[in-house]
Amino acid sequence: MAADENIFLRAKDRTFTGLTEEEQGEWSGPFYFIQAADPQLGLMKAWKEGNCDSPGEEWAEEVRLTKQAVQAVNKLSPKPRFMVLCGDLIHAMPGKPYREEQERDLKEALKDVDPAVPLVFVSGNHDVGNTPTAGTVELYRRGWGDDYFSFWVGGVLCLVLNSQLFFDGSACPELRDAQEAWLEEQLRRAARSRCRHALVFQHIPLYVRTPDEEDDYFSLQRGVRESLIKRFLQAGVKAVFSGHYHRNAGGMHDGLDMVVSSAIGCQLGTDPHGMRVVVVTENQVVHRYYSLDKLCESGMDEDMKKLLC
C-alpha cells in the first residue's frame, strides 16, 4: 500500500467519511485532539542560510521531528480523537524543485500514526502558493484532499478553511467565491444546529496578538479579519486554530479564542518544536502547547487529563 493511502481519511465532497453530523452530531462527553502546524519540510536549512525563497534542498531534520511527533501521539492514552496539521506541510512552493520529494517524505513520516487517530490536513501558503491558482489548488487536492471541508466529532462542528483564498484569491476568484458561499452556509448551519461547540482550523491567523493590529504577512488583512471575526462570533464559533507564525501567539477577544501554535519544524522564535493538546468539555475548550520532548517523555499533564473525566 502506498504511504498516502494509509495515513488519513481523505476529505472528499467537503466532508469526512464517518465524521458526519448524522454519525457524530450528538454530544458524547469530553474528548481531546492534537493540533500541530508547519512541519514545512525544507525550511530549516533555508532559514539558517538566510534564503527562505529557496525551495529547501535538505529536510532530514524536519523528517526526524515529524517522526518524533508521530511517536508522541502514538504514546498518548487515551488516544486523541484526531490530529490536525494546520498547513505548510512542505516548504517548496507549487512548481518548484523538491516539492514531490518533500511530499513523499512527509507522507512516509506520517504513515505510522495510529490508525485510530484520523489525520486532518489544512492547506498553507506553501502548499497552494501565496497567490493560489486553480491549478495549484487542484495539485493540493490530489495530494492531500479537499482544501476546505467540515467534519463532526462528538457533537462538535469543525470547519477547515483555505486561508490563502482569504489572503489573496485574485488568481482564482471562482474558488474564492465558492469557499465564501460554502462558509456562509456552514456558519448559518452552526448558528441553528445543536452543536456543542464550533471550531475553525486554518493556516494564517486572523491576528497574531490583537484584532486591531496592522496588516502583516503573518495575519489576514484587517478588513478580511474583521469580517470573519464578526461572522464567527455570530455563528457561535468558540476558537480558531492556526499556524504560520512559527511561534506561539494569539489571544481571547470577545469570547473568540485565536490560537496561534508554533511549529513542528522551523522555529522563528524561542518556542520549542511542539504540538498543542486541546481538550473539549461540555462548556469549554482548553489547550496547552507541549514540546515534542515533553509529550514523548511524559504525555499530557494530569490537570488536562482530569478534564476528560
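This text goes with the structure placed above it.
Quick summary incoming for the structure in this document. (Residues numbered from 1 in each chain as written. Predicted model: local features only at pLDDT ≥ 70, side-chain atom pairs only at ≥ 80, totals over all residues. Heavy atoms only, no water.)

1. Thoughts on the layout of surface pockets
If a probe the size of a water molecule is rolled over the atoms, the empty space left behind becomes visible. Each pocket or cavity is described by its volume, and for the largest pocket that value is around 270 Å³. Around the largest pocket sit 18 residues that line it, and Gln40, Cys52, His91, His126 and Tyr217 are the ones nearest its centre. Partitioned by chemical class, the residues of the lining of the largest pocket number eight nonpolar, seven polar and three charged. (1 Å grid on protein atoms, 1.4 Å probe; cavity = no way out; pocket = protein on both sides within 12 Å on 5 of 7 lines; lining within 4 Å. Points joined across faces, edges and corners; volume = space filled by probe spheres on them. Nonpolar A, V, L, I, M, F, W, Y, C, P; charged D, E, K, R; others polar.)

2. Focus on the side chain of Gln35
By the secondary structure assignment, Gln35 is in strand β1 (residues 31–36). In this structure Gln35 comes out as buried when scored by relative accessible area, which is 0%. Looking at Gln35, its side chain comes within polar contact range of the main-chain oxygen of Ser242, at 3.0 Å. Among all residues touching Gln35, those that are not within four sequence positions of it are Val84, Cys86, Phe241, Ser242, Val259, Ser261, Met275, Arg276 and Val278. (Helix = DSSP H or I, 4+ residues; strand = E, 2+ residues; numbered from the N terminus. Buried < 20%, exposed > 50% of the residue type's maximum accessible area, 1.4 Å probe, protein only. Polar contact = N/O pair within 3.5 Å; in protein donor to acceptor, adjacent residues only side chain to side chain. Contact = heavy atoms within 4.5 Å.)

3. So, the packing of helix α3 (residues 60–75) against helix α4 (residues 99–110)
Relative orientation of the contacting elements α3 and α4 amounts to 25 degrees, with a least axis distance of 8 Å. The pairing of α3 with α4 is recorded here as roughly parallel in orientation. Our pair here, α3 against α4, has a crossing hand that is right-handed. On α4, the residues touching Val63, Thr66, Lys67 and Val70 of α3 are Asp105, Leu106, Ala109 and Leu110. Class assignment of the residues belonging to the contact of α3 with α4 gives a composition of five nonpolar, one polar and two charged. (Axes fitted to C-alpha atoms, helices over the stretch in contact; angles between N-to-C directions. Parallel < 35°, antiparallel > 145°, perpendicular 65-115°, else oblique. Left-handed = near helix turned anticlockwise from the far one by under 90°.)

4. Description of α3
Taking 1.5 Å per residue, 16 residues should reach 22 Å; α3 reaches 23 Å between its end C-alpha atoms and fits that length. Of the positions making up α3, those classed as buried are Glu62, Val63, Leu65, Thr66, Gln68, Ala69, Val70, Ala72 and Val73. Tucked into the core, α3 has its buried residues touching β1, α2 (43–48), β2 (83–86), α4, β10 (274–280) and α10 (292–298). (Expected span 1.5 Å × (residues − 1).)

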